[in-house]
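Report on the structure
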Amino acid sequence: MAKGPLACFLLAIGCGFIMTTAVQFGREGKFLPLLFGVPVFILCGFTHSVADAFFFLAVPQMISIQLLAIYLMEVLGNFIGCNLYRLLISK
């Protein structure tokens, strides 16, 4: 929550891009990027909406309007990141 909604949005775009890239390479039979996809996004500090949903709901006292705004920005960022791959790289 200290990062704020805009930073979480930008970090989520990176996560969406990396995860979609890893899955696409896995579909092509190249499994090394698939193996390193999750560790790379964790090491880069990117945010993932599904992973963060667990942490946000684990402590019900933290739920607030600011947390909801951050989560919605993460969902939007993940969506844009995964579609960014499709716009820039896919055939």
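Scroll up for the structure.
Quick look at the structure, then. (Residues numbered from 1 in each chain as written. Predicted model: local features only at pLDDT ≥ 70, side-chain atom pairs only at ≥ 80, totals over all residues. Heavy atoms only, no water.)

**Regarding the side chain of S49**
As for its position among the elements, S49 is in helix 3 (residues 49-58). Look past the residues within four positions of S49 in its chain and what remains in contact with it is Y71, E74, V75 and N78. (Helix = DSSP H or I, 4+ residues; strand = E, 2+ residues; numbered from the N terminus. Contact = heavy atoms within 4.5 Å.)

**Description of the packing of helix 3 against helix 4 (residues 65-88)**
Direction vectors running N to C along helix 3 and helix 4 enclose 160 degrees, while the axes themselves pass 9 Å from each other. Our classification of the angle between helix 3 and helix 4 gives roughly antiparallel. The hand of the helix 3/helix 4 crossing is left-handed. Two secondary-structure elements touch here, helix 3 through S49, D52, A53 and F56 and helix 4 through L67, I70, Y71, E74, V75 and N78. Of the residues assigned to the contact of helix 3 with helix 4, the class counts are six nonpolar, two polar and two charged. (Axes fitted to C-alpha atoms, helices over the stretch in contact; angles between N-to-C directions. Parallel < 35°, antiparallel > 145°, perpendicular 65-115°, else oblique. Left-handed = near helix turned anticlockwise from the far one by under 90°. Nonpolar A, V, L, I, M, F, W, Y, C, P; charged D, E, K, R; others polar.)

**Let's talk about the packing of aromatic side chains**
If you walk through the whole model with that rule in mind, you get three aromatic pairs. Aromatic pair F56 and Y71: ring centres 6.1 Å apart, planes at 85 degrees, arrangement edge-to-face. With F56 in helix 3 and Y71 in helix 4, this residue pair connects regions lying 15 residues apart in the sequence. For Y71, a relative accessible area of 25% corresponds to the partly exposed category. (Phe/Tyr/Trp six-rings, centres within 6.5 Å; stacked < 30°, edge-to-face > 60°. Buried < 20%, exposed > 50% of the residue type's maximum accessible area, 1.4 Å probe, protein only.)

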